[in-house]
Amino acid sequence: MSAPAGMNPSTPRAWDIDGPRLLPCNEVQVYAYAQGCMIGMLDGQLIENHVTVTMVYVSPPWRGSLVLQDMLAALKLCYRHVGRLPRGHANHARRT
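Note that this is a predicted model, so its numbers are computed, not measured.

Engineer: I'm lost on the overall build of the chain in this one. Help?
Structural biologist: For the chain, the count of helices and strands is 1 helix and 5 strands. Each helix and strand of the chain, ordered N terminal to C terminal, gives the series β-β-β-β-α-β. Across the 96 residues in the chain, those meeting the buried criterion constitute 33%. Contacts spanning at least 24 positions in sequence make up 45% of the contacts within the chain whose residues lie at least 6 apart. Of the roughly 6300 Å² of accessible surface on the chain, 53% is carried by carbon and sulfur atoms.

Shown next as structure tokens:
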């Protein structure tokens, strides 16, 4: 598995990162998989050249920060400016 920029490639990871994927309505998603099961998802909104992270999910939580770092590193490979919504604004409507 290749490591996103800024990561130490000698550090073994038990998961793979898929994305970022640009979906309709400028929604951006990054996924983390371990043994074929989704263990993490990052949702964002692309506005101009900036991505605002709107939701992050990692399970189980004990590896959350490492999986999150990998998902953010993959996101930053494609989008230079990444931010987050302030607390209280994280509820966004999911498009199906």
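Picking up where we left off.
Engineer: Could you clarify how one ought to interpret the packing of aromatic side chains in this entry?
Structural biologist: Centre-to-centre distance and the angle between the planes together describe a pair of aromatic rings. All chains considered together, the criterion is met by 1 aromatic pair. Judged by centre distance (6.2 Å) and plane angle (35°), the ring pair of tyrosine 31 and tyrosine 33 falls under tilted. The class of tyrosine 33 is partly exposed, set by a relative accessible area of 29%.

Engineer: When you look at the environment of glutamine 35 in this model, what are you seeing that I'm missing?
Structural biologist: Within the secondary structure, glutamine 35 sits in the loop between strand 2 (27-34) and strand 3 (37-47). Looking at glutamine 35, the relative accessible area reads 82%, which means it is exposed.

Engineer: Explain the environment of tyrosine 57 here, please?
Structural biologist: Here tyrosine 57 is to be found in strand 4 (residues 50-58). Residue class for tyrosine 57 comes out partly exposed when judged on its relative accessible area of 40%. Sequence-wise, tyrosine 57 and valine 67 are 10 residues apart; in three dimensions their C-alpha atoms are separated by 9.8 Å. If near-sequence neighbours (up to four positions away) are discounted, tyrosine 57 is found in contact with Ile39, Gly40, Met41 and Met71.

What counts, and where the lines are drawn
- Residues numbered from 1 in each chain as written.
- Predicted model: local features only at pLDDT ≥ 70, side-chain atom pairs only at ≥ 80, totals over all residues.
- Heavy atoms only, no water.
- Helix = DSSP H or I, 4+ residues; strand = E, 2+ residues; numbered from the N terminus.
- Buried < 20%, exposed > 50% of the residue type's maximum accessible area, 1.4 Å probe, protein only.
- Contact = heavy atoms within 4.5 Å.
- Areas by Shrake-Rupley, 256 points an atom, 1.4 Å probe, with all protein chains shown as cover.
- Phe/Tyr/Trp six-rings, centres within 6.5 Å; stacked < 30°, edge-to-face > 60°.

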